[in-house]
Amino acid sequence: MCGTCGCGQPDSKQDHEHRHGHQHEHQHEHHHHGETESRRVSVEMDLLDQNRAYASKNRGYFNQHHIFTLNMVSSPGSGKTTLLVAMIRALVDRVEVNVIEGDQQTSLDAERISEAGARAHQINTGQMCHLDAHMVGHALEVLAPADNAFLVIENVGNLICPAAFDLGEQLRAVLLSVTEGEDKPLKYPDMFASASVVVINKCDLLPYLDFDLHRCRENIRRINSDAEIVELSATTGAGMDAWLQWLNGERDRFTTTATEQDVEA
Amino acid sequence: MHELSLASEMVRIVQEQSVSQKFSEVKRIHLLLGSLSCVSDEAFRFAFDAVRTPLLEEAELRIEKIPATGQCTGCGACAKMWHRLERCESCGAEMLLSDGGDEIRIRELEVC
């Protein structure tokens, strides 16, 4: 259907009898629609579908090998690496600890992690502001964690971008340090909404700061009613025992479920 | 700027579709963007311009924002949620997210 000359429309001006009493052959140029006519094609694909497929593959690998995986996210400087080093020192005698480190540049964090006794692999994301499940899959090929190992993925320090990218982890820990302000969960709700556990770090500094711990908890609850909330100081070690105990409980629960799945299979 | 990764993924999907659905030019992309998808439409448009391929050189990007649905914690009313801290229009209580809002989906393309 051509909207400008009305061709093809019945009873239109072109289907005419002229007043002067004779019919003549109607001549006008028809457009050649075939070459440029547009059509609609349905796609219905989500831009995160492929990441979800890779995440699902990673999750399958973790389940199969009983590898308990924690994805740690936070803004830069909230103490992810310091907490990780403290965790490794406490856990390394009992379990093989593996760490995938995501940073834009340098292998400084991987060096700190290795010194603490964990097996580490650094991904320099370059321009990327987050890790995705595909990168983690390749890191796993290099790192090759042992069965029953503990794996921590230290994501790029960023409270926005990593939120949307499932890596296949069992738990997502969002760190928040008391030097950042208690309103952070409200300012970056997507990340806090995705957390399985929120770790409030640097609590040893509370006496020197105007940080309202109670309000911080309330803010977390407004965004996420299910997440575990843990308070600690990775530097002094206060609260570390409770954190590790909770983490071990989650790991035991995961291992039990994975073992049951093995039996069913 | 994870919008850059997502825009690149959109281009990859459209390139793939150009083979399977046989087209050589895209005139328009219709993208559904959930209100809680963590994507800034401005940043996404900026990123898309940076990663356009010849197939998409003239493509218009139409972004349709889709709200999540939630339920009021006070009166139980169901309503659209445009952000996570939405309050109920009737009673003012906070809304609890019940479904959706996370889609970043290519609905359809206008091609030739």
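Coordinates for the structure precede this section.
Computed from a predicted model, the values in this text were never measured in an experiment.

A.B. asks: I tried to follow the interface of chain A and chain B on my own but got confused; where do I start?
C.D. replies: How big an interface is tends to be expressed through the accessible area that disappears when the partners come together. Opposite the 29 residues of chain A that make contact, chain B presents 33 residues. Taken over both partners, the interface formed by chain A and chain B buries close to 2,900 Å², and the fraction arising from carbon and sulfur atoms is 55%. It is A:Arg39, A:Val41 and A:Leu47 that lose the most area in chain A upon contact with chain B, and together they represent 24% of the buried surface on that side. Summed over the shared surface of chain A and chain B, the number is five salt bridges. Linking A:Arg40 and B:Glu108 is a salt bridge whose minimum nitrogen-to-oxygen distance equals 3.6 Å. At the boundary of chain A and chain B, one finds 15 residue pairs in polar contact (both at pLDDT 80 or more).

A.B. asks: So what exactly am I meant to see when it comes to helix 2 (residues 41–51) of chain B here?
C.D. replies: An α-helical turn contains 3.6 residues, so any two residues separated by three or four positions project in the same direction. Residues and elements named next belong to chain B. What helix 2 keeps buried is the set Ala 43, Phe 44, Ala 47 and Phe 48. All buried residues of helix 2 fall inside an arc of 135 degrees around its axis, so they share one side. Opposite its buried face, helix 2 presents the exposed residues Glu 42, Phe 46 and Asp 49, each directed more than 90 degrees away. The inward-facing, buried residues of helix 2 contact helix 1 (3–20), strand 1 (26–34) and strand 2 (60–66).

A.B. asks: I tried to follow the packing of helix 2 (residues 49–65) of chain A against helix 5 (residues 133–143) of chain A on my own but got confused; where do I start?
C.D. replies: Geometry of a packed helix pair, given as the angle between the helix axes and the separation of the axes. Residue and element names in this part refer to chain A. Where helix 2 contacts helix 5, the two axes come as close as 8 Å, and the packing angle between them is 35 degrees. Taken as a pair, helix 2 and helix 5 cross one another with a handedness that is left-handed. Here Asn 51, Tyr 54, Ala 55, Asn 58, Tyr 61 and Phe 62 of helix 2 come into contact with helix 5, specifically with Ala 133, His 134, Val 136, Gly 137 and Leu 140.

A.B. asks: Even after reading the chapter, I still don't get the layout of surface pockets, so can you show me in this structure?
C.D. replies: Leftover empty space is mapped by rolling, across the atoms, a probe with the size of a water molecule. Counted as a void, the largest pocket has a volume near 450 Å³. Lining the largest pocket are 21 residues, and of these A:Arg52, A:Ala163, A:Ala164, A:Ser194 and B:Asp102 sit closest to its centre. Mapped by element, the contributors of at least two residues to the lining of the largest pocket are helix 2 and helix 7 (189–193) of chain A together with strand 5 (95–99) of chain B. With three residues, helix 2 of chain A is the single largest residue contributor to the lining of the largest pocket. In this structure, the second largest pocket encloses a volume near 330 Å³. Contributing to the lining of the second largest pocket are 16 residues, with A:Ile223, A:Asn224, A:Ser225, B:Leu96 and B:Leu97 lying nearest its centre. At the level of secondary structure, the elements contributing two or more residues to the lining of the second largest pocket comprise helix 8 (213–223) of chain A together with strand 5 of chain B. Among the residues forming the lining of the second largest pocket, the class breakdown is eight nonpolar, three polar and five charged.

A.B. asks: Explanation requested: unusual backbone geometry in the structure shown.
C.D. replies: Phi is mostly negative for residues that are not glycine, and the peptide bonds are mostly trans. We note that A:Asn148 has phi near 70 degrees; this positive angle belongs to a residue other than glycine. For A:Asn148, the position within the fold is in the loop between helix 5 and strand 5 (150–154). The class of A:Asn148 is partly exposed, set by a relative accessible area of 40%. One non-glycine residue, B:Cys38, lies in the positive phi region at around 60 degrees. With respect to the helices, strands and loops of the structure, B:Cys38 is situated in the loop between strand 1 and helix 2. By relative accessible area, which is 16% here, B:Cys38 ends up buried.

A.B. asks: Hey, could you run me through helix 4 (residues 108–116) of chain A in this one?
C.D. replies: Residue and element names in this part refer to chain A. Taken residue by residue, helix 4 has Asp 109, Ala 110, Ile 113 and Ala 116 as its buried positions. Burial along helix 4 is one-sided: seen end-on, the buried residues are contained in an arc of 120 degrees. In this structure, helix 4 carries Leu 108 and Glu 115 as exposed residues pointing more than 90 degrees from its buried face. Lining the buried residues of helix 4 we find helix 3 (80–91), strand 3 (97–103), strand 4 (119–124) and strand 5. The first or second residue beyond helix 4 is Gly 117, which carries a positive phi of 110 degrees.

A.B. asks: Before we go on, may I ask you to explain the sheet that holds strand 3 of chain A in this structure?
C.D. replies: All names here are of chain A. If you walk across this open sheet you meet the seven strands as 4-3-5-2-6-7-8, and the pairing is parallel. Strands at the two margins of the open sheet, each flanked by one partner only, are strand 4 and strand 8 (228–231). Neighbouring strand axes in the sheet, compared pairwise and without regard to direction, differ in orientation by 20 degrees on average. As paired strands, strand 6 (residues 171–177) and strand 7 (residues 197–201) are joined by five bridges and run parallel to one another. Residue Val 174 lies in a different strand from strand 7, and its bridge partner there is Val 198. Lying on the sheet, helix 5 is in contact with strand 3, strand 4 and strand 5; it crosses strand 4 at an angle near 145 degrees. On top of the sheet, helix 8 reaches strand 6, strand 7 and strand 8; it is set at about 155 degrees to strand 8, its chief contact.

A.B. asks: How do you make sense of the nonpolar core when you look at a structure like this?
C.D. replies: Generally speaking, nonpolar side chains in soluble globular proteins are found buried as a group. Residues and elements named next belong to chain A. Residues Leu 70, Leu 83, Met 87, Phe 150, Trp 243 and Leu 247 are the most contacted members of the largest nonpolar core, which totals 31 residues. Among the elements of the structure, strand 2 (68–73), helix 3, strand 3, helix 4, strand 5, strand 6, strand 7 and helix 9 (240–264) are those that each provide at least two residues to this core. In contact with Phe 150, other than residues within four places in its own chain, are Phe 68, Leu 70, Met 87, Leu 91, Val 95, Glu 96, Val 97, Asn 98, Leu 247 and Arg 251.

Reading the values: rules and limits
Residues numbered from 1 in each chain as written. Chains lettered and ligands numbered in written order. Predicted model: local features only at pLDDT ≥ 70, side-chain atom pairs only at ≥ 80, totals over all residues. Heavy atoms only, no water. Contact = heavy atoms within 4.5 Å. Buried area = accessible area lost by both parts, 1.4 Å probe. Salt bridge = Lys/Arg side-chain N within 4 Å of Asp/Glu carboxyl O. Polar contact = N/O pair within 3.5 Å; in protein donor to acceptor, adjacent residues only side chain to side chain. Buried < 20%, exposed > 50% of the residue type's maximum accessible area, 1.4 Å probe, protein only. Helix = DSSP H or I, 4+ residues; strand = E, 2+ residues; numbered from the N terminus. Arc of directions from axis to C-beta. Axes fitted to C-alpha atoms, helices over the stretch in contact; angles between N-to-C directions. Left-handed = near helix turned anticlockwise from the far one by under 90°. 1 Å grid on protein atoms, 1.4 Å probe; cavity = no way out; pocket = protein on both sides within 12 Å on 5 of 7 lines; lining within 4 Å. Points joined across faces, edges and corners; volume = space filled by probe spheres on them. Nonpolar A, V, L, I, M, F, W, Y, C, P; charged D, E, K, R; others polar. Pairing = 2+ DSSP bridges. Core = buried A, V, L, I, M, F, W, Y, C linked by side-chain atoms within 4.5 Å.

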